[in-house]
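Structural characterization, general
Okay, here's what each chain looks like letter by letter:
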Amino acid sequence: MQDVTSEQVAWFAGLFEGEGYLSFSKERRKGRSGGHWRLGLGMSDGDIINRIQTMFGGSIHKWTLSHKKPTYKDMFSWNVTKQAHILEIVDVIYPLMGKRRQAKFDEFITYYNTPRPTQSDRMKQRWSEPSYRAANLWSIKKAADTLSQIRQVAHLSEDKPLDQGDQTSCSI
């Protein structure tokens with residue numbers, strides 16, 4: 001975020017109060033939990049969206065809608081998805097927002113400051129569930145049996161790795 005004057009912050013806060021959003025999208029992929037936050041603003045005035053991006057960074061997307069109806073204007077949206085970047089912007093405009101927006105910002109700040117489990121923590125949790133353990137121990141045992149069969153066919157022991165010059169080959 002570049003140096004932004006208090007007048008620019010007030011201008012943006014008013015625009016954001018009317019046209020902006022802060023939303024949380026849940027993760028939709030199987031086996032994943034959580035999601036991501038998005039702070040943004042959308043309108044048909046591309047010059048305003050460009051001005052916001054110049055002030056606060058972020059990205060811009062453009063939708064051409066004239067193929068649906070010739071009188072439709074192009075739509076532009078500016079958004080920020082990195083949580084630390086969202087927090088910077090929220091910190092600047094929070095005091096200028098109404099109660100409803102402040103409540104949404106409070107929800108984001110709470111989420112941002114709440115520690116979440118690491119991938120290692122999630123794996124420990126999964127392995128503590130008997131059904132997950134049973135399903136995966138079967139696949140690990142099957143992989144170990146397959147490796148044992150490969151070693152038997154190749155006449156290798158666990159202690160003796162295949163030498164570079166050894167021309168032993170196998171097929172299963």
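Refer to the preceding data block for the structure.
The text that follows walks through the structure, step by step, so that each part is easy to find. Here the structure is a predicted model, which is why all the values come from computation and not from measurement.

**Some thoughts on the nonpolar core**
- Core analysis: the largest hydrophobic core is formed by 26 residues, its most contacted members being Phe 12, Leu 39, Leu 41, Trp 78 and Ile 93.
- Elements with a minimum of two residues in this core: helix H1 (6-19), strand S2 (35-43), helix H2 (46-56), strand S4 (75-80), helix H3 (83-93) and helix H4 (99-113).
- Those residues in contact with Phe 12, other than ones at most four positions away along the chain, are Leu 41, Ile 52, Met 55, Phe 56, Trp 78, Ile 89 and Ile 93.

**Some remarks on the sheet that holds S4**
- Pairing is antiparallel across the open sheet formed by 4 strands, whose spatial order is S1-S2-S4-S3. Every other strand in the sheet has two partners, leaving strand S1 (20-26) and strand S3 (59-63) as the edge strands with one partner each. Recorded for the sheet is a direction-independent mean angle of 30° between the axes of neighbouring strands.
- As paired strands, S3 and S4 are joined by 5 bridges and run antiparallel to one another. Counted as the bridge partner of His 61 is Ser 77 from S4.

**With respect to the environment of Gly 58**
- Topologically, Gly 58 is positioned in the loop between H2 and S3.
- You can call Gly 58 partly exposed: its relative accessible area is 34%.
- Residues Gly 58 and Val 80 lie 22 residues apart in sequence; the distance between their C-alpha atoms is 4.8 Å.
- Not counting residues up to four positions away in its chain, the partners in contact with Gly 58 are Gln 53, Trp 78, Asn 79, Val 80 and His 85.

**Here we look at the environment of Ile 86**
- Relative to the assigned elements, Ile 86 resides in helix H3.
- According to the relative accessible area criterion, Ile 86 is buried, its value standing at 0%.
- Once the C-alpha coordinates of Ile 86 and Phe 108 are considered, the two residues, 22 residues apart in sequence, prove to be 9.1 Å apart.
- Those residues within four positions of Ile 86 in sequence are excluded, and the remaining contacts are Leu 22, Trp 37, Arg 38, Leu 39, Val 80, Thr 81 and Phe 108.

**Points about the pattern of salt bridges**
- Counted according to the given criterion, the structure contains 3 salt bridges.
- Close ionic contact of Asp 74 with Lys 62 constitutes a salt bridge, the shortest N to O distance being 3.4 Å. Note that Asp 74 is positioned in the loop between S3 and S4 and Lys 62 in strand S3, a separation of 12 residues in sequence.
- We classify Asp 74 as partly exposed; its relative accessible area is 24%.

Reading the values: rules and limits
- Each chain has its residues counted from 1, following the order in which its sequence is written.
- With pLDDT at 70 or above as the cut-off, local features in this predicted model cover only qualifying residues; side-chain atom pairs require 80 or more to be listed or tallied, and sums for whole chains, interfaces and linings still use all residues.
- Computation of side-chain values covers all heavy atoms of the structure but excludes hydrogens and water.
- Take the buried residues of types Ala, Val, Leu, Ile, Met, Phe, Trp, Tyr and Cys, join any two whose side-chain atoms come within 4.5 Å, and each joined set is a nonpolar core.
- Three labels apply to residues, based on accessible area from a 1.4 Å probe with only protein chains included: buried if under 20% of the type maximum, exposed if over 50%, partly exposed otherwise in between.
- Helix and strand labels come from DSSP, where a helix needs a run of H or I of at least four residues and a strand needs a run of E of at least two; each type is numbered from the N terminus.
- By definition, residues are in contact when any of their heavy atoms lie within 4.5 Å.
- In this scheme, strands are said to pair when DSSP sees at least two bridges between them.
- For helices, the fitted line uses only the C-alpha atoms of the stretch in contact; every axis is such a line through C-alpha atoms, and the angle between N-to-C directions lies from 0 to 180 degrees.
- Salt bridge criterion: a side-chain nitrogen from Lys or Arg within 4 Å of a carboxyl oxygen from Asp or Glu.

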